[in-house]
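# Summary of the model geometry
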Amino acid sequence: TNRFFYLGCLKKLGQQVVDTATKYLNNNQWYVIRNMLLLLGELEAKEQLPRIRPLLNHNHSKVRQEALKTCLLLGDSHSIKEIITSLHSKNRQEVLNAILLAKLINHPDVTKHLLVMLGERSLINFDLELKRNLVQTLTEKNHPEVLSVFSRILNRRKLFHRQGFEQLKIEIIKALARYPADQVD
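Starting from 1, residues in each chain are numbered consecutively following that chain's sequence as written. Local features in a predicted model are, by the rule used here, given only for residues with pLDDT of at least 70; side-chain atom pairs are given and counted only at 80 or more, and totals for whole chains, interfaces and linings are based on all residues. Heavy atoms throughout the structure, all of them, feed into the side-chain values; hydrogens and water do not.

### Focus on the layout of surface pockets
- Only protein atoms enter the 1 Å grid used here, on which a cavity is any set of points holding a 1.4 Å probe that cannot leave and a pocket is any open set flanked by protein within 12 Å on both sides along at least five of seven lines; residues with an atom within 4 Å of a point are listed as lining. Grid points are joined across faces, edges and corners, and a volume is the space filled by probe spheres set on the points. Roughly 340 Å³ of internal volume is contained in the largest pocket.
- Amino acid classes used here: Ala, Val, Leu, Ile, Met, Phe, Trp, Tyr, Cys and Pro are nonpolar; Asp, Glu, Lys and Arg are charged; the rest, including Gly, are polar. Split into classes, the residues belonging to the lining of the largest pocket amount to five nonpolar, five polar and six charged.
- Roughly 290 Å³ of internal volume is contained in the second largest pocket.
- Together, 15 residues line the second largest pocket, and Ser61, Arg64, Gln65, Ser86 and Glu94 are the ones closest to its centre.
- Taken together, the elements giving at least two residues each to the lining of the second largest pocket come down to helix H5 (61–73), helix H6 (77–87) and helix H7 (92–101). Per the convention used, a helix needs a DSSP run of H or I reaching at least four residues, while a strand needs a run of E reaching at least two, with both numbered from the N terminus.

### A short note on the packing of aromatic side chains
- Stacked, tilted and edge-to-face pairs are distinguished by plane angle, under 30 degrees for stacked and over 60 for edge-to-face with tilted covering the rest, among Phe, Tyr and Trp rings (Trp via its six-membered ring) whose centres lie within 6.5 Å. According to the stated counting rule, one finds two aromatic pairs in the structure shown.
- Ring geometry for Phe5 and Tyr6: centres 5.5 Å apart, planes at 65°, overall edge-to-face.
- You can call Phe5 exposed: its relative accessible area is 52%.
- Taking relative accessible area as the criterion, Tyr6 reaches 53% and is therefore assigned exposed.
- Charge-over-ring placement is defined geometrically: NZ (Lys) or CZ (Arg) within 6 Å of the ring centre, and within 35 degrees of the ring normal. For Arg3, the ring lying beneath its charged end belongs to Phe4, and the centroid distance is 4.3 Å. Burial status follows relative accessibility: with a 1.4 Å probe on protein chains alone, a residue under 20% of its type maximum counts as buried, one over 50% as exposed, and anything between as partly exposed.

### Considerations on the nonpolar core
- For the purposes of this section, nonpolar cores are sets of buried Ala, Val, Leu, Ile, Met, Phe, Trp, Tyr and Cys residues that join through side-chain atoms within 4.5 Å. Membership of the largest hydrophobic core comes to 57 residues, with the highest contact counts inside it found for Ile83, Val110, Leu118 and Phe150.
- By residue number, the principal contributor to this core is helix H3 (residues 30–42), which donates seven residues.
- Look past the residues within four positions of Ile83 in its chain and what remains in contact with it is Leu68, Leu72, Ala98, Leu101, Ala102 and Val110. What makes two residues a contact is simply this: any of their non-hydrogen atoms within 4.5 Å.

### Quick notes on empty space enclosed by the protein
- Within the structure shown, the criterion is met by two cavities of 30 Å³ or more.
- In this structure, the second largest cavity spans a volume of roughly 40 Å³.
- Lining the second largest cavity we find Ala102, Ile105, Asn106, His107, Val110, Thr111, Leu114, Thr137, Leu138, Lys141 and His143.
- Elements with a minimum of two residues in the lining of the second largest cavity: helix H8 (108–119) and helix H9 (128–140).
- At three residues, the largest contribution of residues to the lining of the second largest cavity is made by H8.
- When grouped by side-chain class, the residues that make up the lining of the second largest cavity number five nonpolar, five polar and one charged.

### Considerations on unusual backbone geometry
- In this structure, Glu44 is a non-glycine residue whose phi angle is positive, near 55°.
- The topology assignment puts Glu44 in the loop between H3 and helix H4 (49–52).

### As for the pattern of salt bridges
- The term salt bridge refers to a pairing of a side-chain nitrogen on Lys or Arg with a carboxyl oxygen on Asp or Glu at a separation within 4 Å. Counting across every chain of the model gives six salt bridges.
- As a salt-bridge pair, Asp127 and Arg92 come within 2.5 Å of each other at their nearest N and O atoms. Here Arg92 lies in helix H7 and Asp127 lies in the loop between H8 and H9, a separation of 35 residues in the sequence.
- You can call Arg92 partly exposed: its relative accessible area is 35%.
- Between Glu129 and Arg92 there is a salt bridge; the shortest N-O distance is 2.6 Å. Taken as a pair, Glu129 in helix H9 and Arg92 in helix H7 lie far apart in primary sequence, 37 residues in all.
- With relative accessibility at 42%, the residue Glu129 sits in the partly exposed group.
- Linked through salt bridges whose partners overlap, the residues forming this network are Arg92, Asp127 and Glu129.

As structure tokens, then:
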């Protein structure tokens, strides 16, 4: 799209656009702020973290999501707490976004929460999309700890949501191909 073309042009200008992009973080238009966050993340403007962090509480969800992504890319430790909070949100979309953003980092606390979420049992609520995203995120980072959770799920039987649970098992079996044969037993 045009947006990515223009952002690509700005990125080519390098560090000289960081200060100007930072000034636009106070803009009234949410999409301008989101675009500047994207640019600052790609320019690795770590020195701008104090100006980026307040946007984690912005009133627009797309700005909050991009701010979290930018903070994660820049290695901000505060954003780890934010992603863990988002993983336990009541808002399903926020949880899904947090799971996808977790692919950007390799942090033991985040991994622990992802593993717990994957292994959680629920009699009534079974969210196949959420579970699939958990499997993909954990597998992408080749976390060996996930193998024991995979094993428990594969050996489990489910009376309710049987079809969705069987699809999850298929997703896990596909994911096992990414692990060395000696780890998978």
